[in-house]
Amino acid sequence: MTDPRSADWPNLTIPLLLEARSQDEWDWDWLHDGTHEASAGDVIGRARSLATDLADKGVEPGDHVGLWMVNWIDWVVAFFGISMAGGVVVPINTYFRIDEARSLVRSANVSVLIAGDQSVTSPTGALARQLVREGIAARAEVLRRGDTRRLMSSLRSDRPPPDVSRQQPDDLAAIMYTSGSTGSPKGVMISHRQLLGPASRLSEYLHITDEDRIYNPNPFFHYYGLVGGVLASLWSKSRLWFAETFNASDALNTIEARRCTVFSGYPPMYLKLLGHPDFLDNDLSSLRAAITGLTGVEDRLSFVRMLRQQFGLRDLVTSWGSTETGALVCTNRVGLPDDVIANSVGFPNPGWSLKLLAPETEVEVTEEGLAGEAVVRSPMVTKGYYGDADGTAAAFTSDGWFRTGDLLSRRPDGRYEFRGRLKEMLKVGGENVDCTEVEQVLRSIPSVRDAAVVGQPDSTLGEVPVAFVVLAGESQVTDVEAQVRPRLAAFKRPRLIRSVESLPMTASGKVDKGALNKWVLDDIPPGDE
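Residues numbered from 1 in each chain as written. Predicted model: local features only at pLDDT ≥ 70, side-chain atom pairs only at ≥ 80, totals over all residues. Heavy atoms only, no water.

Participant: Is there a simple way to explain the overall build of the protein chain in this structure?
Facilitator: When its secondary structure is counted, the protein chain shows 16 helices and 24 strands. Dimensions of the protein chain along its principal axes, counting C-alpha atoms only, are 70 × 55 × 55 Å. Taken across its 529 residues, the protein chain has 58% of its residues classed as buried. In the protein chain, the share of contacts with a sequence separation of at least 24, taken over all contacts with a separation of at least 6, comes to 71%. Surface summary for the protein chain: the accessible area is close to 21500 Å², and the carbon and sulfur share equals 47%. Averaging the locations of the 55 positively and 70 negatively charged side chains of the protein chain gives two centres separated by 2 Å. (Helix = DSSP H or I, 4+ residues; strand = E, 2+ residues; numbered from the N terminus. Buried < 20%, exposed > 50% of the residue type's maximum accessible area, 1.4 Å probe, protein only. Contact = heavy atoms within 4.5 Å. Areas by Shrake-Rupley, 256 points an atom, 1.4 Å probe, with all protein chains shown as cover. Lys, Arg positive; Asp, Glu negative; His and termini not counted. Charge placed at Lys NZ, Arg CZ, Asp CG, Glu CD.)

Listed below in structure tokens is the structure:
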């Protein structure tokens, strides 16, 4: 077991790293969003201006500022500007509907919202204004694309830059909402060190240098988009390409035209690229490395071999972890055989400790091959969930190990193998979906007496939610679908809702999810109407 204190973690805050980078000879075009580009100097200068503007408008150190915007360069500027002002960034999922956003803004104690306006894919600006009208947030700064550059040019040049020296590496930097191992979305508290530590490790494990060109299409409100994209490229001084939303055709064209060398994505993204009709017509020979997870992939060995052969990757890294644990608890590093990468999540990395507990007794599992819940201890593990003392207490063992909710087993070679989840969590195209959250929404509909949600395999997204409902009277499934639509983000909505006379139950009186999974696979559940 690795001693988590033995690792060297960055003793920096994000603003101090930005100040260091502003002194480097590093002023080439850093960020590229498909339409616009910006140098490091431009981004840092715009962030300083935004920080000054926020301070002038009353944002104080420690204030929680919501960031609700698609992947624009302005998102990165806003993240850094909030951080330079001493604020805590609360990224908001751009797929959220108004009910979900309202709940998040309340629970995170967000006072100010910075939102994007006139996005092609997400009306976050209009929704942010609605939350202000409702009194949920005190103020919304709604920015059009490029507004942070115009803001920089409009501010007085004699204003002093923000003082970033008072912040400490272990101060709270962000509250990132996730359903990862927590059930309903909860705010994971993450410090500056806990963001920069994994960013530095990812750069190390993928051998990223200032000569690399990263393509990372993950949303910045996700941990992998922020840490694996923005912060890893800042740490390594590499160039970063991204897009407002992932599109396979655009991704292929960008990788070829910009000669990208590193790709970071979830399995469904790779599958969309491989399934695109123009895949073989694009020259992807510049790619040398990629990182992905394998959770939810049915035939992992075929998937790994496909990545190697079709993309011509020299270096492939797979990882296991979560937002709460710093993501890179275990990795399979470069240079390993395909079967090792496919059949294990790797060794625990320096700085993370991992052990397995029997789910019922919580006795440590030491025998090879036996599955147990993985619990983790590390300086990279969150201190807990914001405003949720009960949720935080439940997430940790009595001696301080974080409960991941994942089942692992130890192999004879010392590597760990993923065996499943303790909790009812789906991975839908890289998004975590908690079945209990969807069930609660369904049960709140007057015409639904009971509901249960399970996953259905999907060739593109890995898996998708499917719901079984017991309806009252003459109610129709179409009525349920109409009421669910405005209350859940698209990735959470059941792809299929089936009406049944009753839900199957176990001997202990719980819904038999195993039977429901079999119904999904057989495609003909008893009592289907």
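Participant: Is there a simple way to think about the side chain of S39 in this case?
Facilitator: Secondary-structure assignment places S39 in strand β2 (residues 37-39). In this structure S39 comes out as buried when scored by relative accessible area, which is 15%. Separated by 3.1 Å, the side chain of S39 and the backbone nitrogen of D42 make a polar contact. Apart from residues lying up to four places away in sequence, S39 is in contact with D27, W28, D29 and W30. (Polar contact = N/O pair within 3.5 Å; in protein donor to acceptor, adjacent residues only side chain to side chain.)

Participant: Please explain the packing of helix α3 (residues 73-84) against helix α8 (residues 223-236) as it appears in this structure.
Facilitator: To characterise two packed helices, one gives the angle between the axes of the helices and the distance between these axes. The interhelical angle for the contact between α3 and α8, taken along N-to-C directions, is 75 degrees, at an axis separation of 13 Å. By the angle class used here, α3 and α8 are roughly perpendicular. Of the residues in α8, those touching α3 at W75, V76, F79 and F80 are L226, V230, L231 and L234. (Axes fitted to C-alpha atoms, helices over the stretch in contact; angles between N-to-C directions. Parallel < 35°, antiparallel > 145°, perpendicular 65-115°, else oblique.)

Participant: Sorry if this is basic, but what is going on with the sheet that holds strand β13 (residues 315-320) here?
Facilitator: Strand pairing in a sheet is mediated by backbone hydrogen bonds. Such pairs are either parallel or antiparallel. Spatially, β2-β1-β10-β9-β11-β12-β13-β14-β15 is the arrangement adopted by the nine strands of the open sheet, whose pairing is mixed. A strand with exactly one partner marks an edge of an open sheet, and here the two such strands are β2 and β15 (347-348). Here strand β1 (residues 29-32) runs beside β2; their pairing, made up of three bridges, is antiparallel. Within β2, the residue paired with H32 across the bridge is E37. Running over the sheet, helix α9 (residues 248-258) touches β9 (213-215), β10 (239-241) and β11 (262-264) and is turned about 175 degrees from β9. (Pairing = 2+ DSSP bridges.)

Participant: Would you mind showing me how to read unusual backbone geometry here?
Facilitator: The phi torsion of most residues other than glycine is negative, and most of the peptide bonds are trans. A positive phi angle, close to 55 degrees, is found at H207, a residue other than glycine. For R259, which is not glycine, the phi torsion reads 55 degrees and is therefore positive. Structurally, R259 can be placed in the loop between α9 and β11. Looking at R259, the relative accessible area reads 31%, which means it is partly exposed.

Participant: Quick question: what am I supposed to make of the sheet that holds strand β22 (residues 448-458) here?
Facilitator: The mixed open sheet is built from three strands, whose spatial order is β22-β23-β24. Each edge of the open sheet carries a strand with a single partner, namely β22 and β24 (496-499). Averaged over all neighbouring strand pairs, the angle between strand axes comes to 25 degrees, with direction disregarded. Pairing between β22 and strand β23 (residues 462-471): ten bridges, direction antiparallel. Along β23, the bridge assignment pairs P457 with E463. Each of β22, β23 and β24 is contacted by helix α14 (residues 435-443), which is oriented at about 145 degrees to β22, the strand it contacts most.

Participant: Looking at this model, I keep getting lost on the packing of aromatic side chains. Mind explaining?
Facilitator: To describe a pair of aromatic rings, one takes the distance between the centres and the angle between the planes. Following the criterion strictly, the structure yields 16 aromatic pairs and no others. Between Y224 and Y266 the ring centres are 6.3 Å apart and the planes differ by 85 degrees, which places this aromatic pair in the edge-to-face class. Linking Y224 in helix α8 with Y266 in the loop between β11 and α10 (267-275), this pair joins segments that are 42 residues apart in sequence. Positioned above the aromatic ring of W9, the side-chain terminus of R201 is 4.2 Å from the ring centre. Between the NZ or CZ atom of R333 and the centre of the ring of Y205, over which it lies, the distance is 3.8 Å. (Phe/Tyr/Trp six-rings, centres within 6.5 Å; stacked < 30°, edge-to-face > 60°. Lys NZ or Arg CZ within 6 Å of the ring centre and 35° of its normal.)

Participant: Just to check I follow, could you spell out α8 for this structure?
Facilitator: Along an α-helix, residues three or four positions apart point the same way, because every turn accommodates 3.6 residues. Among the 14 residues in α8, 13 count as buried, and that is most of the element. Just beyond α8, the residue with positive phi is K237, at close to 60 degrees.

Participant: It is not clear to me how the confidence of the model for the protein chain should be interpreted in this structure. Could you clarify?
Facilitator: Interpretation of this model should avoid reading the predicted coordinates in detail wherever pLDDT is low. Residues of the protein chain with pLDDT of at least 70 account for 92%, and the chain-wide mean is 88. No element of the protein chain has a lower mean pLDDT than helix α6 (residues 147-154), at 67, and none a higher one than strand β4 (residues 88-91), at 98. For the stretch residues 1-6, pLDDT sits under 50, and the model shows 20 contacts to residues farther than four places along the chain or on other chains. Per-residue pLDDT stays below 50 along residues 525-529; that stretch engages in eleven contacts with residues further than four places along the chain or on separate chains. (pLDDT = per-residue confidence, 0-100.)

Participant: Where do I start with helix α2 (residues 40-56) in this structure?
Facilitator: Along its 17 residues, α2 runs 24 Å from first to last C-alpha, staying within 8% of the 24 Å computed at 1.5 Å per residue. The buried fraction of α2 amounts to 13 of the 17 residues, a majority that puts the element mostly inside the structure. Downstream of α2 by a residue or two, G58 has a phi angle that is positive, lying close to 100 degrees. (Expected span 1.5 Å × (residues − 1).)

Participant: Explanation requested: the environment of E362 in the structure shown.
Facilitator: Structurally, E362 can be placed in the loop between β16 (353-357) and β17 (372-377). According to the relative accessible area criterion, E362 is partly exposed, its value standing at 38%. Here the alpha-carbon distance between E362 and G372, two residues ten residues apart in the chain, equals 8.7 Å. Apart from residues lying up to four places away in sequence, E362 is in contact with L357 and R403.

Participant: What exactly am I supposed to notice about the environment of W28 here?
Facilitator: Along the chain, W28 turns up in the loop between α1 (14-23) and β1. Remark: the alpha-carbon pair of W28 and S39, spanning eleven residues in sequence, is separated by 5.3 Å. Here W28 is in contact with S39, A40, D210, K237 and R239, once residues within four sequence places are set aside.

Participant: Would you explain the nonpolar core in this entry?
Facilitator: Most often, soluble globular proteins have nonpolar side chains that are buried together. Formed by 116 residues in total, the largest nonpolar core has its most connected members in F80, L195, L231, F311 and W320. By residue number, the principal contributor to this core is α3, which donates nine residues. Within the second largest apolar cluster, 42 residues are counted, among which are V88, V438, I445 and A451. (Core = buried A, V, L, I, M, F, W, Y, C linked by side-chain atoms within 4.5 Å.)

Participant: Which parts of the structure should I look at to understand the pattern of salt bridges?
Facilitator: Opposite charge on two side chains permits pairing when their charged atoms draw close. Using the criterion set out here, one finds 30 salt bridges in the structure. With its nearest N and O atoms 4.0 Å apart, the salt bridge here joins R145 to E244. Of this pair, R145 sits in the loop between β6 (139-143) and α6 while E244 sits in the loop between β10 and α9, placing them 99 residues apart in sequence. You can call R145 partly exposed: its relative accessible area is 27%. (Salt bridge = Lys/Arg side-chain N within 4 Å of Asp/Glu carboxyl O.)

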